[in-house]
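Structural description and commentary
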Amino acid sequence: RVESAANAVKKLQSEYPHALQFYDTPPLDDLSLEDFRQFAADRYEVLSRISNAKASFGRDGDKLKEAVKDVTSKRLSLNTRSIIKEEDIMATSRIQVPGMDLEEAQERVAKEMFEERRKDHVSHFILRLAFCRTDELRRWFVENELELFR
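All chains use their own residue numbering, which begins from 1 and follows the written sequence. Since the coordinates come from a predicted model, pLDDT governs what is reported: local features require at least 70, and pairs of side-chain atoms require 80 or more to be given and counted, while whole-chain, interface and lining totals use all residues. The side-chain quantities take in all heavy atoms of the structure and omit both hydrogens and water.

For Lys54, the location among the structural elements is in helix H2 (residues 33-57). We note that Lys54 is buried and unpaired, the nearest opposite charge coming from Glu143 at a distance of 4.0 Å. Should any heavy atoms of two residues lie within 4.5 Å, those residues are considered in contact. Those residues in contact with Lys54 that sit more than four places away from it in its chain are Leu64, Glu143, Asn144 and Glu147. Strands here mean DSSP runs of E at least two residues long; helices mean DSSP runs of H or I at least four residues long; both are numbered from the N terminus. Burial status follows relative accessibility: with a 1.4 Å probe on protein chains alone, a residue under 20% of its type maximum counts as buried, one over 50% as exposed, and anything between as partly exposed. Only four residue types enter the tally: Lys and Arg on the positive side, Asp and Glu on the negative side; His and the chain ends are excluded. The salt bridge criterion pairs a side-chain nitrogen of Lys or Arg with a carboxyl oxygen of Asp or Glu, the two atoms within 4 Å.

Set out below in structure tokens:
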């Protein structure tokens, strides 16, 4: 169990060490058709709501930030930690589900964070492909992606 938890932490640290990604390398892993569809739908929903919030609130920073935070927590579940260290996962996993030992909790936290970041990475590239057809689509995509990470 300890080895499994350590492997989950190492995988997270090696593939997605930061919550904020630069999207410079496309994903190379396999993806089911259902995950592809769900990842794309979730990311599109987030960007659409950001676009609608910008139209509703203009540049009112607080309301816009709140709208972005609300939709990303529901659809992308982005974890805001910037760098993952083993001790961060250990501290996070101290709040355990009753009956779950510490190693199980650490492994679960690391795997959840990995999947969140993988979804962010893959969904970005799915929509990047979908929105590259015209200048107008590209502009909409880039503007709303930027707003996502402000």
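This paragraph deals with the environment of Arg108. Its place among the elements puts Arg108 in helix H5 (residues 102-130). We classify Arg108 as partly exposed; its relative accessible area is 38%. Put simply, Arg108 and Val9 are 99 residues apart on the chain and 9.8 Å apart in space, counted from C-alpha to C-alpha.

Let us now look at helix H3 (residues 61-75). With 15 residues, H3 extends 21 Å between its outermost C-alpha atoms, agreeing within 8% with the 21 Å of an ideal straight helix rising 1.5 Å per residue. Packed against the buried residues of H3 are H2 and helix H6 (135-148). Trailing H3 by a residue or two, Ser77 shows a phi angle of about 50°, which is positive. Multiplying one less than the number of residues by 1.5 Å gives the expected span of a helix.

Our next topic: the confidence of the model for the protein. Model confidence for the protein is summarised by a mean pLDDT of 81, while 83% of its residues fall at 70 or above. Looking over the protein, one finds the lowest element-wise mean pLDDT in helix H4 (residues 86-92), namely 57, and the highest in H6, namely 94. The predictor attaches a confidence to each residue, and that confidence, scored 0 to 100, is pLDDT.

A separate point is unusual backbone geometry. Look at Tyr23: it is not a glycine, yet its phi comes out positive at around 55°. By secondary structure assignment, the location of Tyr23 is in the loop between helix H1 (2-15) and H2. Judged by its relative accessible area of 10%, Tyr23 falls in the buried class.

In summary, the pairing rule links any two rings of Phe, Tyr or Trp, Trp by its six-membered ring, whose centres are within 6.5 Å, and it sorts them by plane angle into stacked for under 30 degrees, edge-to-face for over 60 and tilted for everything else. Summed over all chains, the structure comprises 6 aromatic pairs. Look at Tyr16 and Phe114: their rings are 5.4 Å apart centre to centre, the planes differ by 55°, and that puts the pair in the tilted class. On the criterion of sequence distance, the pair formed by Tyr16 in the loop between H1 and H2 and Phe114 in helix H5 is long-range, its members being 98 residues apart. For the residue pair Tyr16 and Phe114, the accessibility class agrees, reading buried in each case. Between Tyr23 and Phe125, the ring centres sit 6.5 Å apart and the planes meet at 75°, which makes this aromatic pair edge-to-face. Here Tyr23, found in the loop between H1 and H2, pairs with Phe125, found in helix H5; they are 102 residues apart in sequence, far enough to count as distant. Ring-pair connections join several aromatic residues into one group, and the members of that group are Tyr44, Phe131, Trp140 and Phe141. In this structure, Lys11 packs its charged tip against the face of Phe114, placed 4.5 Å from the ring centre. Only lysine NZ and arginine CZ atoms are considered, and such an atom sits over a ring when it is within 6 Å of the ring centre and within 35 degrees of the ring normal.

Only the contacting stretch of a helix is used when fitting its axis, a line to C-alpha atoms as for every element, and angles between N-to-C directions run 0 to 180 degrees. Put simply, H2 and H3 touch, their axes get as near as 9 Å, and they point 165° apart. The orientation of H2 relative to H3 falls into the category roughly antiparallel. With respect to the hand of their crossing, H2 and H3 are arranged in right-handed fashion. In contact with Ala41, Asp42, Glu45, Val46, Arg49, Ile50, Ala53, Lys54 and Phe57 of H2, H3 contributes Lys63, Leu64, Ala67, Val68, Val71, Thr72 and Arg75. Looking at the contact of H2 with H3 residue by residue, the class counts come to 9 nonpolar, 1 polar and 6 charged. For this classification, under 35 degrees means roughly parallel, over 145 means roughly antiparallel, 65 to 115 means roughly perpendicular, and everything else is oblique. Left-handed describes a crossing in which the near helix is turned anticlockwise from the far one by less than a right angle; the clockwise case is right-handed. In this count, Pro and Cys sit with the nonpolar residues alongside Ala, Val, Leu, Ile, Met, Phe, Trp and Tyr, while Asp, Glu, Lys and Arg are called charged and the others, Gly among them, polar.

Before going further, it helps to spend a moment on the pattern of salt bridges. Per the counting criterion, the structure on display carries 10 salt bridges. Note that Arg43 is salt-bridged to Asp120, the shortest N-O span being 2.5 Å. Taken as a pair, Arg43 in helix H2 and Asp120 in helix H5 lie far apart in primary sequence, 77 residues in all. We classify Arg43 as buried; its relative accessible area is 0%. Judged by its relative accessible area of 1%, Asp120 is buried.

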